[in-house]
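Coordinate analysis (summary)
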Amino acid sequence: RKASPQTFPRMVRTSYAILFAIYVITMCAGYMTFGDTAQCNILLNYHPHDVLALLGRWATACSTLFGFPLVFNGAREGFKNAAMALDQPSISDPKNHVKLVVVMLSCACMLAILVDDIKVIVGYSGAVLGSLLVYICPPILYANILKRYFGPESLEYKRGRRNL
């Protein structure tokens, strides 16, 4: 079949359905193996000298090592775009690229050193990002839309800004 914009949504839905099935099967297998005693990292439940678990640990390490640049690049670009939307263009300036990368990597490394359990990070990031998306971003975006549409000196923008 030929790829087209019309077939793309169906392909995306099919791919996500397959991934969902793989994740559910894997989660159920892990839970059926260890039950309620399963640790957060399922590989920690196996014996330290188990060859297959060792291969799983190596595969996880390689996935993290080689996947991190992709995730980090997306995070960096998202941060720069958010800074632009919040009228902070200096962060996106190419002169500040190295500084931004160093600060972001330093924060990520400090979190990795200070936090023993990833569920703490996942819990906080979910709570913070959920609150940010629901309560903070919409009014800021609305004020920026008013500013761009009506101008920074307009009554509509000033009212919108005051009501934040």
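Residues numbered from 1 in each chain as written. Predicted model: local features only at pLDDT ≥ 70, side-chain atom pairs only at ≥ 80, totals over all residues. Heavy atoms only, no water.

**Focus on the side chain of Asn45**
Inspection of the secondary structure assignment puts Asn45 in the loop between α1 (8–34) and α2 (51–85). On the basis of relative accessibility, which here comes to 19%, the residue Asn45 falls in the buried class. Asn45 has contacts with Phe34, Thr37, Ala38 and Gln39, leaving out every residue within four places of it along the chain. (Helix = DSSP H or I, 4+ residues; strand = E, 2+ residues; numbered from the N terminus. Buried < 20%, exposed > 50% of the residue type's maximum accessible area, 1.4 Å probe, protein only. Contact = heavy atoms within 4.5 Å.)

**Observations regarding helix α3 (residues 97–114)**
The periodicity of an α-helix, 3.6 residues per turn, causes residues three or four positions apart to be oriented the same way. Helix length check: α3 (18 residues) gives 26 Å between terminal C-alpha atoms against 26 Å at 1.5 Å per residue, within 8%. Looking at the buried side of α3, the elements it contacts are α2. (Expected span 1.5 Å × (residues − 1).)

**A short note on the packing of aromatic side chains**
Using the criterion set out here, one finds three aromatic pairs in the structure. Pairing Phe34 with Tyr46 gives two aromatic rings, centres 5.1 Å apart and planes at 80 degrees, and the pair type is edge-to-face. Separated by 12 residues along the polypeptide, Phe34 in helix α1 and Tyr46 in the loop between α1 and α2 bring together distant segments of the chain. Here Phe34 falls in the buried class, since its relative accessible area comes to 17%. Judged by centre distance (5.7 Å) and plane angle (25 degrees), the ring pair of Phe68 and Phe72 falls under stacked. (Phe/Tyr/Trp six-rings, centres within 6.5 Å; stacked < 30°, edge-to-face > 60°.)

**Examining the environment of Ala82**
The topology assignment puts Ala82 in helix α2. The exposure class of Ala82 is partly exposed, given its relative accessible area of 36%.

**A look at the confidence of the model for the protein**
Of the residues in the protein, 99% have a pLDDT of 70 or more, and the chain-wide mean is 86. Here helix α4 (residues 118–150) is the element of the protein with the lowest mean pLDDT, 84, and α3 is the one with the highest, 90. (pLDDT = per-residue confidence, 0-100.)

**Quick notes on unusual backbone geometry**
Even without a glycine there, the phi angle at Asp87 is positive, about 60 degrees. Mapped onto the elements of the fold, Asp87 is located in the loop between α2 and α3. Assessed through its relative accessible area of 37%, Asp87 is described here as partly exposed.

**Overview of the pattern of salt bridges**
Inspection of the entire model under this criterion finds five salt bridges. Its salt-bridge partner being Lys80, residue Glu77 comes within 3.4 Å of it at the nearest N-O pair. Separated by three residues within a single helix, Glu77 and Lys80 lie in helix α2, roughly one turn from each other. The closest approach of N and O atoms between Asp87 and Lys147, which form a salt bridge, is 3.0 Å. Here Asp87, found in the loop between α2 and α3, pairs with Lys147, found in helix α4; they are 60 residues apart in sequence, far enough to count as distant. Using a relative accessible area of 27% as the deciding quantity, one classes Lys147 as partly exposed. One network of salt bridges, with partners in common, ties together Arg76, Glu77 and Lys80. (Salt bridge = Lys/Arg side-chain N within 4 Å of Asp/Glu carboxyl O.)

**Considering the side chain of Lys80**
What makes Lys80 buried here is its relative accessible area of 16%. The residues contacting Lys80, other than those within four sequence positions of it, are Ile91, Ser92 and Leu100.

**Considering the packing of α2 against α3**
Their axes nearest at 11 Å, the elements α2 and α3 cross at an angle of 120 degrees. The chirality of how α2 crosses α3 is right-handed. Facing Phe68, Phe72, Ala75, Arg76, Phe79 and Lys80 of α2, the residues of α3 in contact are His97, Leu100, Val101, Met104 and Leu105. A class-by-class count of the residues in the contact of α2 with α3 yields eight nonpolar, one polar and two charged. (Axes fitted to C-alpha atoms, helices over the stretch in contact; angles between N-to-C directions. Left-handed = near helix turned anticlockwise from the far one by under 90°. Nonpolar A, V, L, I, M, F, W, Y, C, P; charged D, E, K, R; others polar.)

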